[in-house]
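Below are the chains, spelled out letter by letter.
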Amino acid sequence: MDADRNDPSVDTTDASVGLASQSLSPTRMAIRRFVKHRAALVSLIVLGLMVLFVVLAPLTARYGVNEAVFKTSPENPNQFLSPRSIAWLGTDDIGRDLYSRLIYGLRISIFIGLASAIFGTILGVTIGAIAGLRGGWLDDVLMRVTDLFLAFPFLVTLLVLRSVMSSVSWLEPIVGKPTSIRFVIVLFVLFGWMGVARLMRSQVLALKEREFVEAARALGAGPVRIVLRHLLPNSAGPILVALTFSVSSSIIGEATLGFFGYGPQPGAGSTSLGKLVGGAKGALLPGYWWLVVFPCVLLVLVTLFVNFIGDGLRDATDPKLDGAR
Amino acid sequence: MSGEVVLSLRDFRVTFPTLFGDVQAVRGVDLDVRAGEILGVVGESGSGKSVTFLGLMGLLPKSARIEGSATVRGTELVGASSKIMREVRGKRVAMIFQDPLSALNPTHRIGNQIVEMIRAHHKVSTKAAMSRAIELLGQVGIPQPTDRARQYPHEFSGGMRQRVMIAMAIANEPEVLIADEPTTALDVTVQAQILEILQRIQSESQAAVVLITHDLGVVARVADRVQGMYAGRVVERGNVDALYAHPTHPYTQGLLQSLPTVGRDRLQPIPGSPPNMMDPPSGCAFRVRCPHAVERCAEEMPVLRPIGDQEAACWRADELRGVSLR
């Protein structure tokens, strides 16, 4: 290799002839920048542990999700126990261990958050890419539909949908029972794709004018290849960031629904963060503070961590911010 | 220099409809490019030189109206289906763009981008395509091509990226290579290297090359023939040496006079500015800036006709030929 450099026939005026020892891909550079973002890195680690914890719920929880701490007897009530060794975070109105229920609840919440964010993003990316790439009347139609969905009051739609579901039986195989987890996810996907669609459309509009896309077309690439190889990889950063924030907003959305009692009523009496927060509505006044504090703190922490990760991703994937930190 | 005609345009027109009227960017261009020759296309910004070739490649916005005929060895490109166009682009007609900094996808390795180009047109294994890609990188003078193929565009300098673009363009051995200002974004020493590579590749592959530029020096260096364009029409065409020695059309004369030369202390610019292509002057579009214009220039549009061994589109070409340049 060094012979190359001494060979006079090889041009050495180019500054880049001396090869860097190691090639850095855009992904690896992004990871490097992400790791430098303290809050994001810590959040990722803590959240990762949390996910591991809730995935292994049967091992990590001390009691079953509906299991009472110990047998009720008149002299030893197990309702509303304050935090203690047999129930680290106390018990609820029928004697169930809050710590175990938080683990199971977080499991459902994170699942709902991830699933609705991923499917919503896929839907949004598809619609946005079609709108941006095809343009013309299709773009107009798709973007007006997007506006329409943005203008819809989410909660009202939810209530109407729940009440008419029983009479529209063919809907059920698609969206699931109004009490199921699937119903909540379908709902969030249905009302969560618009931001991503707009984002993707603007990305496509900007990218398709870039010269490398034109060069790819000039050298014979078809539309599918252009979307998959050129447009998607170059908009992966913003899309990933949007996906992350969509996870946290879905988790909060589920909590909102659960608080009002419209959340999923999972089989086997399983629970979710929203249900736990909602179930604590009347608990503060009589002094059962743990029922309020722990679910709320967990909800806040989880959404905060997810948002920190989103921030870190944004900084890591936006090359324009490079060096600003 | 008399290979068969590969690329042929007849009465080629490009019009952009706008809210304020039609912009006639290209107004009837005839040209032939033969295998094994380099045709230089010169003209100022807005003369239609780039639009002509982007138009025949089908790379203009959908709103652009393209008329006339453009054939590559008999295949008509004007009005061709998108399937045919995809087949033609890259495989039969390839293009090199002005700005190599933005013409490569920043998210893929150089080697993979060339591989993709090859596999878009040929059914070969990734491995075979990669060894071809490395061979191509070597051909365009990139040292350590095997290592370089694994790198990303940001790890390449401007000149190196333009070499990669050339490698991509020649990957499928196109019959026509269109270089749209390939050296404009590069500094002078790198320019010379790129031109050298272009010339070498061309003589090896016997492709027909169209070199679009506004740099008369570049044309003089590498082109066999040169054509000047003004206001969407060809104004003069001929052998490089002959045309530089005896420019016949007043516009070409003006272009050459506005070049800095040793021994002349003042540049002579062409007075005025390019015409509004929404409403170009009647007859010869250059007449409003031409020092030799006569009445006939406003009445009839001059057509390209042989003057000596070159061609010029000027009514007074016979008298003006040989007018000494100070």
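Model, not experiment: these values are computed from the prediction.

### Points about the overall build of chain A
- When helices and strands are tallied, chain A shows 14 helices and 0 strands.
- Listing each helix as α and each strand as β along chain A from the N terminus yields α-α-α-α-α-α-α-α-α-α-α-α-α-α.
- Residues classed as buried in chain A amount to 39% of the 325 residues present.
- A separation of at least 24 residues holds for 68% of the contacts in chain A among residues at least 6 apart in sequence.

### Observations concerning the interface of chain B and chain A
- Opposite the 36 residues of chain B that make contact, chain A presents 30 residues.
- Secondary structure elements with two or more residues in the side of chain B that touches chain A: strand E6 (93–96), helix H3 (110–121), helix H6 (158–170) and helix H7 (188–205) of chain B.
- Tallied by class, the residues present in the side of chain B that touches chain A amount to 16 nonpolar, 12 polar and 8 charged.

### Structural notes on the nonpolar core
- Counting residues in hydrophobic clusters, the biggest one holds 170 residues, and the most contacted among them are B:Ile114, B:Ala167, B:Ala169, B:Val176, B:Val210 and B:Leu211.
- The element best represented in this core is helix H5 (residues 98–134) of chain A, accounting for 13 residues.

### Notes on the environment of B:Gln268
Residues and elements named next belong to chain B.
- Position of Gln268 among the secondary structure elements: in the loop between helix H10 (250–257) and helix H11 (295–299).
- Using a count of 14 C-beta atoms within 10 Å as the deciding quantity, one classes Gln268 as partly exposed.
- Linking Gln268 and Val234, residues 34 residues apart in sequence, is a C-alpha distance of 22 Å.
- Discounting chain neighbours no more than four positions away, the residues touching Gln268 are Gln257 and Ser258.

### Re the packing of helix H6 (residues 136–151) of chain A against helix H10 (residues 194–207) of chain A
Residue and element names in this part refer to chain A.
- At a closest axis distance of 9 Å, the pairing of H6 and H10 adopts a crossing angle of 150°. In terms of their interaxial angle, H6 and H10 are classed as roughly antiparallel. For the pair H6 and H10, the sense of crossing is left-handed. Facing Thr146, Phe149 and Leu150 of H6, the residues of H10 in contact are Met194, Ala197 and Arg198.

### Overview of the sheet that holds strand E4 (residues 65–72) of chain B
Residues and elements named next belong to chain B.
- Strand order in the open sheet made by the 4 strands is E2-E1-E4-E5, with antiparallel pairing throughout. The sheet is open, and its two edges are formed by strand E2 (21–34) and strand E5 (75–76), each paired on a single side.
- Of the pairings in the sheet, the one linking strand E1 (residues 5–18) to E4 comprises 7 bridges and is antiparallel in character. Across the sheet, the residue bridging to Leu7 is Val72, located in E4.

### Digging into the pairing of strand E7 (residues 176–180) of chain B
Residue and element names in this part refer to chain B.
- Along E7, 5 of the 5 residues are buried, which leaves the element largely enclosed by surrounding structure.
- Burial along E7 is two-sided: the residues Val176, Ile178 and Asp180 and Leu177 and Ala179 are all buried.
- With 4 bridges joining them, E6 and E7 adopt parallel strand pairing. Looking across to E7, one finds that Ala94 is bridged to Leu177.
- Of the strand pairs in this sheet, E7 and strand E8 (residues 208–213) are connected by 5 bridges, and their pairing is parallel. Within the sheet, the bridge partner assigned to Asp180 lies in E8 and is Ile212.

### So, the sheet that holds E6(B)
Residues and elements named next belong to chain B.
- Strands sit in the order E6-E7-E8-E3-E9-E10-E12-E11 across an open sheet of 8 strands; the sheet is mixed. The open sheet has two free edges, formed respectively by E6 and strand E11 (305–307), since each of these has just one partner strand. Averaged over all pairs of adjacent strands, the angle between strand axes in this sheet comes to 25°, irrespective of strand direction.
- Sheet contacts for H10: strand E9 (225–230) and strand E10 (233–239); angle to E9, the most-contacted strand, approximately 105°.

### Structural notes on unusual backbone geometry
Residues and elements named next belong to chain B.
- Backbone geometry at Asp11 places phi at a positive 45°, although glycine is not the residue there.
- Here Asp11 is to be found in strand E1.
- Of note, the phi angle at Glu173 is positive, near 45°, even though the residue is not glycine.
- If you trace the backbone, Glu173 turns up in the loop between H6 and E7.
- Taking the number of C-beta atoms within 10 Å as the measure of exposure, Glu173 has 13 and is therefore partly exposed.

### What to know about the confidence of the model for chain B
- Per-residue confidence for chain B gives a mean pLDDT of 88, with 98% of residues at or over 70.
- Two numbers describe this predicted complex: its pTM, 0.77, and its ipTM, 0.70.

### Digging into the packing of helix H3 (residues 38–55) of chain A against H5(A)
All names here are of chain A.
- For the pair H3 and H5, interaxial distance at closest approach is 9 Å and the crossing angle is 110°. The angle between the axes of H3 and H5 places the two elements in the roughly perpendicular class. As for how H3 packs across H5, the hand of that crossing is left-handed. Each of Met50, Val51, Phe53 and Val54 in H3 lies in contact with H5, whose residues at this interface are Ile103, Leu106, Arg107 and Ile110.
- The residue inventory of the contact of H3 with H5, partitioned by class, reads 7 nonpolar, no polar and 1 charged.

### Observations concerning the pairing of E4(B)
- With 2 bridges joining them, E4(B) and E5(B) adopt antiparallel strand pairing. Within E5(B), the residue paired with B:Thr71 across the bridge is B:Glu76.

### Regarding the environment of A:Ala197
Residue and element names in this part refer to chain A.
- You can see Ala197 is positioned in helix H10.
- In this structure Ala197 comes out as buried when scored by C-beta crowding, with 27 C-beta atoms within 10 Å.
- The spatial distance from the C-alpha of Ala197 to the C-alpha of Ile130 is 9.4 Å, given a sequence separation of 67 residues.
- The contacts of Ala197, once residues within four sequence positions are left out, are Gly124, Ile127, Gly128 and Thr146.

### Thoughts on H3(A)
Residues and elements named next belong to chain A.
- Taking 1.5 Å per residue as the helical rise, H3 with its 18 residues ought to reach 26 Å, and the 26 Å between its terminal C-alpha atoms agrees with that figure.
- Among all positions in H3, only Ala40, Ser43 and Val54 are buried. The arc that holds every buried residue of H3, seen down its axis, measures 60°, which confines them to one face. Exposed and oriented more than 90 degrees from the buried face of H3 are Arg38, Ile45, Gly48, Leu49 and Leu52.
- On its buried face, H3 is in contact with helix H2 (26–36), helix H4 (57–60), H5 and helix H14 (289–317).

### Re the environment of B:Tyr244
Residues and elements named next belong to chain B.
- Mapped onto the elements, Tyr244 comes out in helix H9 (residues 240–245).
- Taking C-alpha positions, Tyr244 is 40 Å from Ile134, a pair spaced 110 residues apart along the chain.
- Look past the residues within four positions of Tyr244 in its chain and what remains in contact with it is Ala220 and Leu256.

Cut-offs used in this document
Residues numbered from 1 in each chain as written. Chains lettered and ligands numbered in written order. Predicted model: local features only at pLDDT ≥ 70, side-chain atom pairs only at ≥ 80, totals over all residues. Helix = DSSP H or I, 4+ residues; strand = E, 2+ residues; numbered from the N terminus. Buried ≥ 20, exposed ≤ 12 C-beta atoms within 10 Å, placed from the backbone. Contact = placed C-beta atoms within 7 Å. Nonpolar A, V, L, I, M, F, W, Y, C, P; charged D, E, K, R; others polar. Core = buried A, V, L, I, M, F, W, Y, C linked by C-beta atoms within 7 Å. Axes fitted to C-alpha atoms, helices over the stretch in contact; angles between N-to-C directions. Parallel < 35°, antiparallel > 145°, perpendicular 65-115°, else oblique. Left-handed = near helix turned anticlockwise from the far one by under 90°. Pairing = 2+ DSSP bridges. pLDDT = per-residue confidence, 0-100. Expected span 1.5 Å × (residues − 1). Arc of directions from axis to C-beta.

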